[in-house]
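# Residue-level structure breakdown
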Amino acid sequence: IKDRLKDQKVAEAKAAIQEEALDIAVENATIGEIPAVMIEDDVHRQMDNFLAGMQNQGISADMYYQLTGTSADDLHKQFEEGAEKRVKTNLVLEAIVKAEKIEATDEEFEKELEDMATRYQMEKEKVADLLSDDDKKNLRNDICLKKAAKFVTSKAK
């Protein structure tokens, strides 16, 4: 228990450092007006991910709304709160990926597939088969964004 708590605290500290480093990077970045459609896309992506997580637990969207006494509009408002920050952070990370020529290696991609297979209790090959070409491209992009976030954190003082 002691080791698990220690590992948890170390992970939380690393996450806090990364979040602060990214916040500073976003503050220092020159970002123009964020189109409303980008913010709306982020909100809907967050909602879809959240509701998919609920569905994986056997709770449909309607059931979630009924259990929580909320509506789709309430959930939309909830995810609207951090949408602009998330979009700005992603724009900064994408710029870092491009500037630093960060790429996802095949090994990193395979590791991510293994992690997904473990999470969904499926075989890695089955997970790979279920992913469309766009999903695979997005997964590689996510790996690059994570590497960019680590890059920013490693440069933080």
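Residues numbered from 1 in each chain as written. Predicted model: local features only at pLDDT ≥ 70, side-chain atom pairs only at ≥ 80, totals over all residues. Heavy atoms only, no water.

## Focus on the packing of helix α5 (residues 83-99) against helix α8 (residues 133-155)
Relative orientation and spacing of two packed helices are given, respectively, by the angle between their axes and the distance between those axes. Contact geometry of α5 with α8 gives a least axis separation of 9 Å together with a crossing angle of 90°. As judged from the angle between their axes, α5 and α8 are roughly perpendicular. Taken together, the residues of α8 that come into contact with α5 (itself represented by Asn90, Leu93, Glu94, Ile96 and Val97) are Cys144, Leu145, Ala148, Ala149, Phe151 and Val152. Grouping the amino acids of the contact of α5 with α8 by side-chain chemistry returns 9 nonpolar, 1 polar and 1 charged. (Axes fitted to C-alpha atoms, helices over the stretch in contact; angles between N-to-C directions. Helix = DSSP H or I, 4+ residues; strand = E, 2+ residues; numbered from the N terminus. Parallel < 35°, antiparallel > 145°, perpendicular 65-115°, else oblique. Contact = heavy atoms within 4.5 Å. Nonpolar A, V, L, I, M, F, W, Y, C, P; charged D, E, K, R; others polar.)

## Digging into helix α6 (residues 106-120)
With 15 residues, α6 should cover 21 Å at 1.5 Å per step; its first-to-last C-alpha distance of 21 Å lies within 8% of that length. Listed as buried for α6 are Phe109, Glu112, Leu113, Met116 and Ala117. The buried residues of α6 all sit within an arc of 140° when viewed along its axis, so they share a single face. Those residues of α6 that are exposed and angled more than 90 degrees off the buried face are Glu107 and Thr118. (Expected span 1.5 Å × (residues − 1). Buried < 20%, exposed > 50% of the residue type's maximum accessible area, 1.4 Å probe, protein only. Arc of directions from axis to C-beta.)

## Overview of unusual backbone geometry
Phi is positive for lysine 101, close to 55°, though the residue is something other than glycine. Looking at the secondary structure, you find lysine 101 in the loop between α5 and α6. The class for lysine 101 is exposed, based on a relative accessible area of 69%. Despite not being glycine, glutamine 121 has its phi angle at roughly 55°, a positive value. Within the secondary structure, glutamine 121 sits in the loop between α6 and α7 (124-130). Given the relative accessible area of 74%, glutamine 121 is considered exposed.

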